[in-house]
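This is what each chain is made of:
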Amino acid sequence: MYLYADDLALVSETPEGLQNLLNGLFEFCKKWHLIVSLAKTNVVIFGKRKNDVKFIYNNQTVDVVTEYKYLGTIFSSKTQDPLRKTHDHLADKAWNAIYALKSYSKNTVGQLQPVLSFKMFDTQISPIMEYAADVWFSGKEVSNLEKIQLSYIKSSLRVKKSSCTYALYAESGTFPLFVKQKIQVLKFWYRIMQLNDCHIVKKAYNSLFEMFLLGQENWCFYVKNILYSCGYNQCWDEQYASNEDQGKINEAVYKNFITECMDRIGDSNVYPKLRTYKLFKNEFKFENYLACVKNVNHCLALFRFRISSHNLRIETGRYDRPNKTPIDERTCLYCSSQDIEDEYHFIVKCPVYINERQQLLNVIRDEEILELPSVLSDEDSFVTLMKCQNEPVVRALAKYVYICLQKRSSMVL
């Protein structure tokens, strides 16, 4: 028997045992003048079931169903994973919350600043998708939940659907839900390890652990994989993690993903569109310009430009048909230089934007972030500019990118 507030779950391994529990519940409620709502009462049979099994409460039949929601979690008898449908349920709830959030913000403040948009997601949406993840975690990504987070990020930042996922994570300092779920599982495991053996949760865990030792792939198996992937085999083998180890393990989970993310960004064979991005992006973090550039249009234009989610020829040439244009032939169509129209050409060389560039140079000189006369004269100074954290320069750069992209889109070839 499991009690939580006014919710009650009766569990038995046999039909006879469950009927006895129902009979006992009826006698208890009759004595204390309590009423059970049969409209909200159902029986779920896990594993092989008999169609002729009936359960009676107060001379009324209790319906046998294939799934039931208890404390926000859907238990199903139709699949090998009894919690699988919980993912779809959480996804629906999250989408509803996102629609409500966007509708409210659009009618009140319009387009949210990226820093506020991410904060709203972390406080309003993410908790919905992470609800009870420490219990239903299955050792792999839940694709429909991950898609919601990526869709929200792409929508908030107005980037193309084809934008590189790893660049989105690295530029915004955001972790996939799968990484956060690992942390939830570990925190739950830490708490379980501190429980007394007579505690019902510890008893349930010990039963799982025994089945794991017999070869069953269950929750214990997933915890072990997380700890082993972080190099903390001993904690699993000893079934114990000190407070110091807990902090280090959690940090290792995040570091593992950061390393994977930055390695992918640096691999031009896998992500050739990030050939420029990898030159100046060497740290996984929420970039400062996403907070300091108050003009949302300028801020988002710079974000798209940095991760190559733009319409320069270096990017659009890959989509030419019947064959994509070779990289060395993706030249700028707006000037006579015959240079490849990439991010470097757009910022440093293209004469079309000479007036706008001069305004940017004026700010750079005033802030003295680059040595004269090398200001924007080579690739190194370009990389230095893209790495710059000086707020006036960053705002001027974001403005330059936005205005010049607008100018480019209005020009007729």
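Here, every reference points to the structure presented above.
Just so it is clear, the structure is predicted and the values come from calculations on it, not from any experiment.

Peer 1: Got a sec to walk through the overall build of the protein? Specific residues and values, please.
Peer 2: In terms of regular secondary structure, the protein is built from 19 helices and eight strands. Taking 413 residues into account, the globule formula puts the C-alpha radius of gyration at 22 Å, and the protein, at 28 Å, lies well above it. On the principal axes, the C-alpha backbone points of the protein span a range of 90 × 50 × 45 Å. Classification of the 413 residues of the protein by burial places 43% in the buried group. Once local pairs closer than 6 in sequence are excluded, the contacts in the protein between residues at least 24 apart make up 61%. Carbon and sulfur atoms provide 51% of the accessible area of the protein, an area that totals close to 23000 Å². Across the protein, 52 positive and 47 negative side-chain charges occur, with their mean positions spaced 6 Å apart.

Peer 1: Lay out the environment of Cys-292 in plain terms, naming residues and giving numbers.
Peer 2: Turning to its location among the elements, Cys-292 is positioned in helix α13 (residues 289–292). Of the residues examined, Cys-292 reaches a relative accessible area of 6% and is grouped as buried. When near neighbours in sequence (up to four residues on either side) are disregarded, Cys-292 contacts Glu-391, Val-394 and Arg-395.

Peer 1: A description of the pairing of strand β8 (residues 73–76) should follow, citing residues and the corresponding values.
Peer 2: In terms of strand pairing, strand β7 (residues 67–70) meets β8 through four bridges, oriented antiparallel. Bridge assignment links Tyr-70 to a residue of β8, and that residue is Thr-73. Hairpin geometry of β7 and β8 is characterised by an intervening segment of two residues between the two adjacent antiparallel strands and by a positive phi of about 55° at Leu-71.

Peer 1: Any details on unusual backbone geometry? Residues and values, ideally.
Peer 2: Cis geometry marks the peptide bond from Arg-321 to Pro-322, where omega comes out at 15°. For Pro-322, the position within the fold is in the loop between α15 (313–316) and α16 (343–349). Although it is not a glycine, Leu-71 adopts a positive phi angle of roughly 55°. Following the sequence through the fold, Leu-71 ends up in the loop between β7 and β8. Judged by relative accessible area, which is 32%, Leu-71 ranks as partly exposed. Here Ala-132, not a glycine, exhibits a phi torsion of approximately 60°, which is positive. Considering the arrangement of structural elements, one finds Ala-132 in the loop between α3 (114–129) and α4 (133–136).

Peer 1: So what's going on with empty space enclosed by the protein? Residues and values would help.
Peer 2: Under the defined criterion, the tally for this structure stands at one cavity of 30 Å³ or more. What the largest cavity holds in volume is close to 50 Å³. When grouped by side-chain class, the residues that make up the lining of the largest cavity number one nonpolar, three polar and five charged.

Peer 1: I'd like a rundown of helix α8 (residues 200–213), residues and numbers included.
Peer 2: The terminal C-alpha atoms of α8, which comprises 14 residues, lie 20 Å apart, in line with the 20 Å expected from a rise of 1.5 Å per residue. Residues Lys-202, Tyr-205 and Phe-212 constitute the buried set of α8. Down the axis of α8, the smallest arc covering the buried residues is 75°, so these residues share one side. Those residues of α8 hidden inside the fold are in contact with α7 (177–193), α9 (219–229) and α10 (233–238). Just downstream of α8, Gly-215 is the residue with a positive phi angle, here 110°.

Peer 1: Mind laying out the packing of α7 against α9, listing which residues take part and the relevant values?
Peer 2: At a minimum axis separation of 10 Å, α7 and α9 run at an interaxial angle of 110°. Judged by the inter-axis angle, α7 sits roughly perpendicular to α9. Contacts from Lys-182, Val-185, Leu-186, Phe-188, Trp-189 and Ile-192 of α7 reach α9 at Trp-219, Val-223, Ile-226 and Leu-227.

Peer 1: Go over the environment of Trp-219 with me, naming the residues and quoting the values.
Peer 2: Locating Trp-219 in the fold gives a position in helix α9. Of the residues examined, Trp-219 reaches a relative accessible area of 10% and is grouped as buried. Between the C-alpha atom of Trp-219 and that of Cys-261, which follows or precedes it by 42 residues, the distance is 26 Å. Each residue touching Trp-219, except ones within four places of it in the same chain, is listed here: Asp-134, Val-135, Phe-137, Val-185, Phe-188, Trp-189, Ile-192, Tyr-205 and Leu-208.

Peer 1: Now, about the side chain of Gln-19: what can you tell me, with residues and values included?
Peer 2: Structurally, the position occupied by Gln-19 is in helix α1 (residues 15–31). In this structure the side chain of Gln-19 is engaged in a polar contact, spanning 2.8 Å, whose partner is the backbone oxygen of Ile-56. Each residue touching Gln-19, except ones within four places of it in the same chain, is listed here: Lys-54, Phe-55 and Ile-56.

Peer 1: Please set out the side chain of Ser-76 residue by residue, giving values where relevant.
Peer 2: Residue placement: Ser-76 occurs in strand β8. On the accessibility criterion, Ser-76 (1% relative accessible area) is buried. Apart from the residues within four sequence positions on either side, Ser-76 is in contact with Phe-46, Thr-66, Glu-67, Pro-82 and Lys-85.

Peer 1: Account for a nonpolar patch on the surface, with residues named and values stated.
Peer 2: On the surface, a cluster of nonpolar side chains totalling about 340 Å² of accessible area is made up of Tyr-2, Val-11, Ile-200 and Val-201. Within the secondary structure layout, Val-11 lies in the loop between β2 (7–9) and α1.

Procedures and definitions
- Residues numbered from 1 in each chain as written.
- Predicted model: local features only at pLDDT ≥ 70, side-chain atom pairs only at ≥ 80, totals over all residues.
- Heavy atoms only, no water.
- Helix = DSSP H or I, 4+ residues; strand = E, 2+ residues; numbered from the N terminus.
- Rg over C-alpha atoms; globule rule 2.2 N^0.38 Å.
- Buried < 20%, exposed > 50% of the residue type's maximum accessible area, 1.4 Å probe, protein only.
- Contact = heavy atoms within 4.5 Å.
- Areas by Shrake-Rupley, 256 points an atom, 1.4 Å probe, with all protein chains shown as cover.
- Lys, Arg positive; Asp, Glu negative; His and termini not counted.
- Charge placed at Lys NZ, Arg CZ, Asp CG, Glu CD.
- Pairing = 2+ DSSP bridges.
- 1 Å grid on protein atoms, 1.4 Å probe; cavity = no way out; pocket = protein on both sides within 12 Å on 5 of 7 lines; lining within 4 Å.
- Points joined across faces, edges and corners; volume = space filled by probe spheres on them.
- Nonpolar A, V, L, I, M, F, W, Y, C, P; charged D, E, K, R; others polar.
- Expected span 1.5 Å × (residues − 1).
- Arc of directions from axis to C-beta.
- Axes fitted to C-alpha atoms, helices over the stretch in contact; angles between N-to-C directions.
- Parallel < 35°, antiparallel > 145°, perpendicular 65-115°, else oblique.
- Polar contact = N/O pair within 3.5 Å; in protein donor to acceptor, adjacent residues only side chain to side chain.
- Patch = residues over 30% accessible without salt bridge, like charges linked within 9 Å, V, L, I, M, F, W, Y side chains within 5 Å.
- Salt bridge = Lys/Arg side-chain N within 4 Å of Asp/Glu carboxyl O.

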